[in-house]
Amino acid sequence: MGKTSFRYCISIFSFVFGAFAFAQTTRVDVDPAFPSLGSGAPLVFSGGGFADVVLATTDPGAPLVDSIKGAPGPQRTPSASLLFSGMARTPSLDGGFTYKPPDTHFSVGTGAGAAGRVVEVTNKGIQIFDKTGASVAGPTDLDAFLTALGAAGLTGSGVANLGFDPKVIFDQHSGRFFVVILDGRTPGGGGRSNVAICTSITSTPGTLTITDWTVETASALTTFVGGDSWFDYPGIGADATRLVVTGNMFTAGGTFVGTKIRVFLKSSLTDNGAPAGATFNDIDIDASVTSIFTLQPAHVFGSTLNGDFYLISRIGSTSYRLAQITGAGGAASLVAGSPTSHAWTAGAFLGLGAPQIDGGLNGTQATISTLETRIQNAVYRNDAGNADSIWCALTADADSDSQSEVVWFEIDPNSTNSATPGVLTTPTISQSGFINGTTAADWTFMPAIAVNSSGDAVIGYNESSSSKAVDMQVVAQFVSDTPGTFQAPVVIASGAGEYDDFAADNPERWGDYAGWAVDPDDDETFWVAAEICETAVTAAGNNAVWGTRIARLGAVVPVELESFSVE
């Protein structure tokens with residue numbers, strides 16, 4: 001719906017800000033959820049805030065939309081039309097280590113309201129919500145979830161024996177949720193490093209049991225030139241036939257030695273366990289030959305021009321690598337010559353944590369880890385509003401001001417539009433830019449980028465400064481915007497204060513990633529999820545509590561009311 005002007009009478013029965021004005025001509029902005037019928041819908045003002053409204057009409061049964069006339073106006077970043085709390089930290093084994101950072105991730109399935117599903121995962125566990133924010137199942141610890149599905153039991157209290165680093169996607173191709181959970185950090189003979197894939201049996205799971213989920217788990221133990229290794233920090237993405245999971249491989253001593261790409265034949269995961277056993281192929285890239293760190297799969301909307309699957313990794317400040325997979329399942333392989341290196345300007349590594357507000361209570365002011373060495377996520381779109389594009393986001397010092405910024409790129413991975421699978425393609429950068437802080441003192445970091453079927457993009461991220469607690473923001477680019485630019489950001493949620501938790505970490509672990517989703521019901525509506533500080537540190541120190549927030553954003557184009565009267 002375009003942004004239009006019209007005159008209408010509205011009776012406001014709950015006003016949330018400002019002095020009352022009677023029969024006064026005023027301009028306000030209305031959320032896309034503004035009703036075509038009925039009452040009690042949210043009214044969103046241009047200055048922020050909400051009021052409940054009823055419509056005063058001469059014909060209450062007539063749809064309001066029939067009265068809207070006028071030309072579309074300017075667009076702006078949408079605010080949250082729904083915001084609710086996800087999982088938060090609670091006491092755990094190992095002094096809380098396995099729950100920190102939370103590793104916040106989530107995805108959104110089909111269905112509206114109470115019939116819809118939102119699945120959130122953190123290092124604390126897994127929880128299912130409906131699309132009103134009400135809990136449906138969980139939270140359940142990751143190891144308990146795996147055990148309930150029939151995976152090998154996770155035993156003991158050691159860090160190496162607990163599920164960690166979860167991620168979840170809703171695969172719009174198959175209508176299933178896929179959850180990846182890692183299990184074990186002990187390489188070598190008798191070691192343990194498993195990759196578990198949990199698949200929902202339908203698009204609307206209602207439990208965290210075998211009634212609604214299956215599990216496939218297999219070892220990821222690998223010996224590279226640098227030594228035996230275990231699997232860490234997964235990436236996950238899918239196209240019509242493949243599920244692709246990637247990970248960084250480390251020795252027991254913490255030395256990075258390679259990258260693993262595990263390519264599943266997706267039909268072997270969506271067969272609900274019959275026949276048993278997933279079909280996959282491992283592609284191992286030894287760091288001593290080609291060093292690729294945090295290789296992110298580009299989750300596919302539509303289909304790639306050549307049917308191949310793309311992955312992307314950052315290399316320092318001035319280049320990136322693009323990997324290209326052809327073939328499916330057990331026959332998947334890297335295209336000859338892949339991965340390839342290409343130039344870009346991402347910004348420098350600072351090697352510093354972002355400042356945060358100092359509550360003056362615990363004697364030590366910790367900064368916040370920005371994970372600037374990693375691309376945080378990537379998506380590929382080639383459909384109605386998009387043309388063969390990989391979008392990705394990361395953190396770097398993009399403007400050389402010694403502060404971190406969220407950096408983003410749109411890349412055409414196949415600039416010659418080749419339709420032949422298995423042939424190396426040539427990428428070009430379509431547009432790029434960075435998101436600076438709200439003020440000169442603010443740092444931005446931990447992004448997640450999403451793109452809808454119209455070609456609009458939204459980035460969710462965190463922002464903080466020495467005088468501001470870490471908050472959660474979103475910013476939008478519309479397909480009609482000037483390339484390389486985004487709109488003004490909107491704050492979705494604010495942290496409670498200074499975050500300082502578990503031992504003497506500095507920078508404090510944060511993230512290690514955030515969540516994004518485009519609602520599959522319309523392929524337009526954006527959702528985001530991120531970490532915030534739930535409970536600030538006290539004088540005792542090291543006792544702050546992380547929390548998570550999940551938000552559905554309003555439509556990207558509000559309706560503008562030219563005037564109204566208040567009764």
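All of these numbers come straight from a predicted model, not from anything done at the bench.

Okay, the overall build of the chain next. The secondary structure content of the chain amounts to one helix and 35 strands. Relative to its 567 residues, the chain shows a buried fraction of 56%. In the chain, the proportion of contacts linking residues at least 24 apart, taken out of those at least 6 apart, comes to 62%. With an accessible surface of roughly 19600 Å², the chain has 54% of that area assigned to carbon and sulfur atoms.

A separate point is the pattern of salt bridges. Summed over all chains, the structure comprises 17 salt bridges. The residue Asp512 makes a salt bridge to Arg509 at a minimum N-O spacing of 2.7 Å. Accessibility expressed as a relative area gives 6% for Asp512, which makes it buried. By relative accessible area, which is 31% here, Arg509 ends up partly exposed.

It is worth spelling out the sheet that holds strand 9 (residues 135–140) at this point. What the four strands build is an open sheet, ordered 6-7-8-9; its pairing is antiparallel. Where the open sheet ends on each side, the last strands, each with one partner, are strand 6 (105–108) and strand 9. The sheet shows a mean angle of 10 degrees between the axes of neighbouring strands, taken without regard to direction.

Another aspect to go through is the confidence of the model for the chain. Across the chain, pLDDT averages 84, with 80% of residues at or above 70. In this model, residues 1–73 is a region of pLDDT below 50 whose contacts with residues beyond four sequence positions or in other chains number 162 contacts. Here residues 557–567 is modelled with pLDDT under 50, and outside its nearest four sequence neighbours on either side it reaches 63 contacts, counting other chains as well.

This paragraph deals with unusual backbone geometry. Going from Ser338 to Pro339, the amide bond is cis rather than trans, its omega being 5 degrees. With respect to the helices and strands, Pro339 occurs in the loop between strand 22 (333–334) and strand 23 (340–343). Following Gly511, the chain continues into Asp512 via a peptide bond in cis, with omega recorded as -10 degrees. Phi at Asp165 takes a positive value of approximately 50 degrees, unusual for a residue other than glycine. Inspection of the secondary structure puts Asp165 in strand 10 (residues 163–171).

Attention now moves to the sheet that holds strand 30 (residues 468–477). What links the strands of a sheet is backbone hydrogen bonding, and the strands pair in either a parallel or an antiparallel sense. Strand order in the open sheet formed by four strands is 28-29-30-31, and the pairing between neighbours is antiparallel. Looking at which strands have only one partner, the edges of the open sheet turn out to be strand 28 (443–451) and strand 31 (490–494). Taken over all neighbouring pairs, the strand axes of this sheet differ in orientation by 25 degrees on average, direction set aside. The sheet contact formed by strand 29 (residues 457–465) and strand 30 spans eight bridges and is antiparallel. Counted as the bridge partner of Tyr461 is Gln473 from strand 30.

Before going further, it helps to examine the side chain of Ser464. Inspection of the secondary structure assignment puts Ser464 in strand 29. From its side chain, Ser464 meets the backbone oxygen of Pro355 in a polar contact 2.5 Å long.

Now for the packing of aromatic side chains. Overall, the coordinates contain 16 aromatic pairs when judged by the stated rule. Ring geometry for Trp391 versus Trp408: centroids 6.2 Å apart, planes at 20 degrees, classification stacked. Of the two residues, Trp391 is situated in strand 25 (residues 389–396) and Trp408 in strand 26 (residues 405–412); the sequence distance between them amounts to 17 residues. Site record: aromatic cluster; members linked through ring pairs are Phe164, Trp230, Phe250, Phe256 and Phe293. Over the ring of Tyr513 we find Lys167; its NZ or CZ atom is 4.5 Å from the centre of that ring. Directly above the aromatic system of Tyr233 lies the positively charged group of Arg374, at a separation of 4.1 Å from the ring centroid.

Turning our attention to the environment of Pro355. Summarising the element assignment, Pro355 is placed in the loop between strand 23 and strand 24 (375–382). Residue classification places Pro355 among the buried positions, given a relative accessible area of 19%. It is 7.6 Å that separates the C-alpha atoms of Pro355 and Trp443, two residues lying 88 residues apart in sequence. Beyond its immediate stretch of four places on either side in the chain, Pro355 contacts Thr367, Trp443, Ser464, Ser465 and Ser466.

Buried residues dominate strand 26, accounting for eight of its eight residues. The two faces of strand 26 match: Glu405, Val407, Phe409 and Ile411 on one face and Val406, Trp408, Glu410 and Asp412 on the other face are all buried. Examined bridge by bridge, strand 25 and strand 26 share seven bridges and lie antiparallel to one another. Paired with Ile390 across the strands is Ile411, a residue of strand 26.

Our next topic: the side chain of Ser229. Note on placement: Ser229 falls in strand 15 (residues 227–238). Among the polar contacts listed, one links the side chain of Ser229 to the backbone oxygen of Thr222, at a separation of 2.8 Å. When sequence neighbours within four positions are dropped, the list of residues in contact with Ser229 reads Pro187, Leu221, Thr222, Phe224, Met249, Phe250, Thr251 and Val257.

The nonpolar side chains of soluble globular proteins are, as a tendency, buried together. Within the largest apolar cluster, 34 residues are counted, with the highest numbers of intra-cluster contacts made by Ile435, Ile459 and Ile492. When residues no more than four places from it in sequence are discounted, the contact partners of Ile459 are Val406, Trp408, Ile435, Pro447, Ala448, Ile449, Gln473, Val474, Val475 and Phe486. Core analysis: the next-biggest nonpolar cluster, separate from the first, contains 30 residues, Phe309, Tyr320, Leu322 and Ile411 among them.

Looking at the element boundaries, Ala238 is found in strand 15. Each C-alpha atom of the pair Ala238 and Val379 lies 9.8 Å from the other, and the pair is 141 residues apart in sequence. Excluding residues within four positions of it along the chain, Ala238 makes contact with Ile169, Asp171, His173, Leu243, Lys266, His299, Val300 and Phe309.

Moving on to the environment of Gly150. Mapped onto the elements of the fold, Gly150 is located in the loop between helix 1 (142–148) and strand 10. Among the residues examined, Gly150 registers a relative accessible area of 61% and is labelled exposed. Taking the C-alpha atoms as reference points, Gly150 and Thr209, separated by 59 residues in sequence, lie 9.4 Å from one another.

What counts and what doesn't
Residues numbered from 1 in each chain as written. Predicted model: local features only at pLDDT ≥ 70, side-chain atom pairs only at ≥ 80, totals over all residues. Heavy atoms only, no water. Helix = DSSP H or I, 4+ residues; strand = E, 2+ residues; numbered from the N terminus. Buried < 20%, exposed > 50% of the residue type's maximum accessible area, 1.4 Å probe, protein only. Contact = heavy atoms within 4.5 Å. Areas by Shrake-Rupley, 256 points an atom, 1.4 Å probe, with all protein chains shown as cover. Salt bridge = Lys/Arg side-chain N within 4 Å of Asp/Glu carboxyl O. Pairing = 2+ DSSP bridges. Axes fitted to C-alpha atoms, helices over the stretch in contact; angles between N-to-C directions. pLDDT = per-residue confidence, 0-100. Polar contact = N/O pair within 3.5 Å; in protein donor to acceptor, adjacent residues only side chain to side chain. Phe/Tyr/Trp six-rings, centres within 6.5 Å; stacked < 30°, edge-to-face > 60°. Lys NZ or Arg CZ within 6 Å of the ring centre and 35° of its normal. Core = buried A, V, L, I, M, F, W, Y, C linked by side-chain atoms within 4.5 Å.

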